[in-house]
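Residue strings, one per chain:
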Amino acid sequence: MEHTTQNTVARAASFVPKGGVGKTTSTAHIAVAATQDHDLNVLLIDLAGNQNDLATQFGIADEITEIDAPISAVFGERWDYFRDNIEDIFERMVFETPEGPDLIPADDGLGAEDNNLANVPREDRYDRLETFINQDVAPRYDLVLLDLPGKEDNITLNGLFTAENVIAPLKPGKFELKQLHNLRDDLESIRDDPDHDADPHLELVFATMVESGANLDDEFTDDLESEYPDIAGDPVTKSKNIGNLQNEGTTLFGVERDALYSTGQRARETYRSLTDDLLARLEAR
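Source: prediction; values computed, not measured. Residue indices begin from 1 for each chain and proceed along its sequence in written order. Reporting of local features is limited, given that this is a predicted model, to residues whose pLDDT is at least 70; pairs of side-chain atoms are given and counted only at 80 or more, and all residues count toward the totals for whole chains, interfaces and linings. Side-chain measures here rest on the full set of heavy atoms in the structure, leaving out hydrogens and waters.

**Student:** Tell me about the pairing of strand S7 (residues 201-207), and name the residues and values.
**Tutor:** Burial here depends on accessible area, computed with a 1.4 Å probe over protein chains only, as a share of the maximum for the residue type. Under 20% is buried, over 50% is exposed, and the range in between is partly exposed. Counting from the N terminus, the helices are DSSP H or I runs at least four residues long and the strands are E runs at least two residues long. Counting buried positions over the 7 residues of S7 gives 7, a clear majority of the element. Where strand S6 (residues 165-170) meets S7, 6 bridges bridge the pair, whose relative direction is parallel. Within S7, the residue paired with Leu170 across the bridge is Ala207. The β-α-β motif built from S6, the intervening helix H9 (residues 174-192) and the parallel element S7 has right-handed crossover chirality. Pairs of strands are assigned from DSSP output, requiring at least two bridges between the strands. Look down the strands so they point away from you; if going from the first strand over the helix to the second traces a clockwise path, that crossover is right-handed.

Below is the structure:
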């Protein structure tokens, strides 16, 4: 597959082959920090299934009950026709969030399109999302963040090939660390595949839901920093604020600092530092 030269928009994908590790939460917080602290135009694309977790995170899930221009169409055979013949199709895909980033939500058609991609010749299977981002997203945004499914399927591979820069949030645990090693090796295998010239790589890894003073959590963060010294970011403190605010449809940045517990304040500042770190890395590439 010929890998299209990336346009000017910076891009990264949040991916770990496991659910419940804080992947969507981290993606949302990094997007808000990039918008509010760095004055960037940020687009989130939710490819992680039909549950619309990012829409729920920002309290707009009720606005997205019917999607007339779904992201799944980008992966189908008729996307070029839709793009050329439906007026304002991109604008109809995008929803504003109350905290700054724009969002293209997941939709029910992603599973079917993932299955359909299995019938597409391998050399044409993994560049559809990249073409969409280069043509439609890059002229409008400074940064695009992809929230990928917690499994390696054809949609995920489109995301990895497109973003190349992979963010891996990890809940502390030996199994999770082993999964990170496997992900590192899988990305290396993709880079070594002679059929394409994509360069997906780990760009930022960090621990989430870390309890201060918990020996196993401290050991995990130490191992992460020891084994991935060049890309390990600060650990995110576990806080009840995160889950409570998700239920209210907002991130830690959506409330005043003094409305947070000390753990929530620390987690918010960590997401700020992780965002600073990620943006500096993307700029340097």
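From this point, the discussion proceeds with the structure in view.
**Student:** Explain the packing of helix H7 (residues 128-137) against helix H8 (residues 154-163) to me, and be specific about the residues and the numbers.
**Tutor:** As a rule, the C-alpha atoms of each element are fitted with a line to give its axis, helices using only the stretch in contact, and angles between N-to-C directions run from 0 to 180 degrees. Packing of H7 against H8 leaves a shortest axis separation of 7 Å and a crossing angle of 45°. Relative to H8, H7 is oriented oblique. Here the hand of the crossing between H7 and H8 comes out right-handed. Two secondary-structure elements touch here, H7 through Arg128, Leu129, Glu130 and Ile133 and H8 through Asn158, Gly159 and Thr162. By definition in this entry, angles of less than 35 degrees are roughly parallel, angles greater than 145 are roughly antiparallel, angles of 65 to 115 are roughly perpendicular, and the rest are oblique. Two helices cross in a left-handed way if the nearer one is turned anticlockwise from the farther one by less than a right angle. They cross in a right-handed way if the turn is clockwise. Residue contacts follow a heavy-atom distance rule, with two residues in contact if any of their heavy atoms lie within 4.5 Å.

**Student:** Residues and numbers for helix H11 (residues 240-248), please.
**Tutor:** Residues of H11 that are buried include every one of Asn241, Ile242 and Leu245, and no others. One face of H11 carries all of its buried residues, which in axial projection span an arc of 100°. Residues of H11 that are exposed and point over 90 degrees away from its buried face: Lys240 and Asn247. In the core, the buried residues of H11 are packed alongside helix H1 (23-38) and helix H12 (262-284). Identification of polar contacts relies on pairs of N or O atoms within 3.5 Å, with a donor-acceptor requirement for protein atoms, meaning one able to donate a hydrogen and the other able to accept it, and with residues adjacent in sequence counted only if both atoms are side-chain atoms. A side-chain oxygen of the first residue of H11 lies 3.1 Å from the backbone nitrogen of Asn241; this N-cap is Ser239. Gly249 occupies a position one or two residues after H11 and carries a positive phi of about 80°. It is the directions from the helix axis to the C-beta atoms whose arc is reported.

**Student:** Account for the environment of Ala12, naming residues and giving values.
**Tutor:** You can see Ala12 is positioned in strand S1 (residues 10-14). For Ala12, a relative accessible area of 1% gives the class buried. Sequence separation between Ala12 and Arg78 is 66 residues, and the spatial gap between their C-alpha atoms is 26 Å. Leave out the neighbours within four places in its chain, and Ala12 touches Val144, Leu145, Leu146, Ala163, Asn165 and Ile167.

**Student:** How would you sum up the side chain of Gln57? Please name residues and give values.
**Tutor:** As for its placement among the helices and strands, Gln57 is situated in helix H2 (residues 53-57). Those residues in contact with Gln57 that lie beyond four places of it in its chain are Thr25, Ala28, His29, Gln246, Gly249, Thr250 and Thr251.

**Student:** Please set out the sheet that holds strand S2 (residues 42-46) residue by residue, giving values where relevant.
**Tutor:** The mixed open sheet is built from 7 strands, whose spatial order is S3-S4-S2-S5-S1-S6-S7. Strands with a single pairing partner mark the edges of an open sheet, and in this sheet they are strand S3 (95-96) and S7. Relative to strand S4 (residues 102-104), S3 runs antiparallel, the two being bridged by 2 bridges. Looking across to S4, one finds that Phe95 is bridged to Leu103. Along the sheet face, H8 touches S1, strand S5 (143-147) and S6 and points at about 145° away from the line of S1.

**Student:** So, the pattern of salt bridges: which residues are in play, and what are the values?
**Tutor:** What makes a salt bridge here is a side-chain nitrogen of Lys or Arg within 4 Å of a carboxyl oxygen of Asp or Glu, nothing more. Counted by the stated rule, this structure contains 15 salt bridges. Across the salt bridge formed by Asp68 and Arg92, the nearest N and O atoms sit 2.7 Å from each other. With a gap of 24 residues between them, Asp68 in the loop between H2 and helix H3 (79-85) and Arg92 in helix H4 (residues 89-93) connect regions that are remote in the sequence. Glu211 serves as the salt-bridge partner of Lys238, at 3.7 Å between the closest nitrogen and oxygen. Taken together, the positions of Lys238 in the loop between helix H10 (215-227) and H11 and Glu211 in the loop between S7 and H10 put the pair 27 residues apart, joining distant regions of the chain. Residue Lys238 is classed as partly exposed on the basis of its relative accessible area, which comes to 44%.

**Student:** Give a description of the pairing of S5 that names residues and reports values.
**Tutor:** Counting buried residues along S5, 5 of its 5 residues qualify, which places the element largely inside the surrounding structure. Where S1 lies against S5, 5 bridges are found, and the strand directions are parallel. The partner of Ala12 across the bridge, within S5, is Leu145.

**Student:** Describe a negative patch on the surface, with residues and values.
**Tutor:** Patches here are clusters of residues that have more than 30% relative accessible area and form no salt bridge, with a 9 Å joining cutoff for like charges and a 5 Å cutoff for nonpolar side chains (Val, Leu, Ile, Met, Phe, Trp, Tyr). For accessible areas, the Shrake-Rupley method is used with a probe of radius 1.4 Å. Any residue's cover is judged against the shown protein chains and nothing else. Two residue types count as positive, namely Lys and Arg, and two as negative, namely Asp and Glu; His and chain ends fall outside the count. The atoms used to mark charge sites are NZ of Lys, CZ of Arg, CG of Asp and CD of Glu. Taken together, the side chains of Asp218, Glu219, Asp222, Glu225 and Asp234 make up a negatively charged region of the molecular surface. On the secondary structure map, Asp218 appears in helix H10.

**Student:** Explain the environment of Arg184 residue by residue, including any values.
**Tutor:** If you trace the backbone, Arg184 turns up in helix H9. Residue classification places Arg184 among the partly exposed residues on the basis of a relative accessible area of 34%. Sequence spacing of Arg184 and Pro200 is 16 residues, and the spatial spacing of their C-alpha atoms is 9.5 Å.

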